[in-house]
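Chain by chain, the residues:
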Amino acid sequence: QVQLVESGGGLVQAGGSLKLSCAASGGTFSIYSMAWFRQPAGKEREFVAAISRLGVTTRYADPVKGRSTISRDNAENVLYLQMNSLKPEDTAVYYCAGRRSINRAFTVDAHEYDYWGQGTQVTVSS
């Protein structure tokens, strides 16, 4: 099965930017739709952004819409999340996730995703 490893998290001041990466291995990257989710301390995991398997379609959660860009490089098997104008409420553990997309509908529901990375911590100070 596919293995996912996130990187790029860290401590940043409010208003700053980060670019998260998710490296995939062990599978054919282009058959998976991909997404980013985040889980603030003491809260439920929530959707951030998703991208279809060929990168044609993207979706964003309202809190990050206009500030974030999800992208993928299928030749390099990497998923990205560029985050700008960061706010303290963006503080969370960020996870990348993959879902086999052949004959399956595009979704933003965490329970529909099959493969998950270990997460990377993003902390935004005020």
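Check the entry above for the structure.
These numbers come from a predicted model, not from an experiment. (Residues numbered from 1 in each chain as written. Predicted model: local features only at pLDDT ≥ 70, side-chain atom pairs only at ≥ 80, totals over all residues. Heavy atoms only, no water.)

Colleague: In this structure, what is going on with the side chain of Ser33? I would like to understand it.
Modeller: Along the chain, Ser33 falls in strand β4 (residues 32-39). On the basis of relative accessible area, Ser33 is assigned to the buried category, the value being 2%. With residues near it in sequence (within four places) discarded, Ser33 still touches Ile51, Ser52, Arg53, Arg72, Ala97, Gly98, Arg99, Ser101, Phe106 and Tyr113. (Helix = DSSP H or I, 4+ residues; strand = E, 2+ residues; numbered from the N terminus. Buried < 20%, exposed > 50% of the residue type's maximum accessible area, 1.4 Å probe, protein only. Contact = heavy atoms within 4.5 Å.)

Colleague: Teacher, can you tell me more about the sheet that holds strand β8 (residues 78-83) here?
Modeller: Note: strands within a sheet are paired through backbone hydrogen bonds, in either parallel or antiparallel orientation. Spatially, β1-β3-β8-β7 is the arrangement adopted by the four strands of the open sheet, whose pairing is antiparallel. A single partner strand is all that each edge strand has here, and the edge strands are β1 (3-7) and β7 (68-73). Averaged over all adjacent pairs, the angle separating strand axes in this sheet is 15°, with direction ignored. (Pairing = 2+ DSSP bridges. Axes fitted to C-alpha atoms, helices over the stretch in contact; angles between N-to-C directions.)

Colleague: Before we go on, may I ask you to explain unusual backbone geometry in this structure?
Modeller: Most peptide bonds take the trans form, and the phi angle of most residues other than glycine is negative. Located in the positive-phi region is Asn77, a residue other than glycine, with phi close to 60°. Tracing the backbone shows Asn77 in the loop between β7 and β8. A positive phi angle, close to 50°, is found at Ser85, a residue other than glycine. You can see Ser85 is positioned in the loop between β8 and β9 (92-100). For Ser85, a relative accessible area of 42% translates into the label partly exposed.

Colleague: Quick question: what am I supposed to make of the pairing of β1 here?
Modeller: On any regular strand, side chains alternate: one points to one face of the sheet, the next to the other face. The alternating pattern of β1 places Leu4 and Glu6 on a buried face, while none of Gln3, Val5 and Ser7, on the opposite face, is buried. Pairing analysis gives five bridges linking β1 to strand β3 (residues 18-25), with the strands arranged antiparallel. Along β3, the bridge assignment pairs Ser7 with Ser21.

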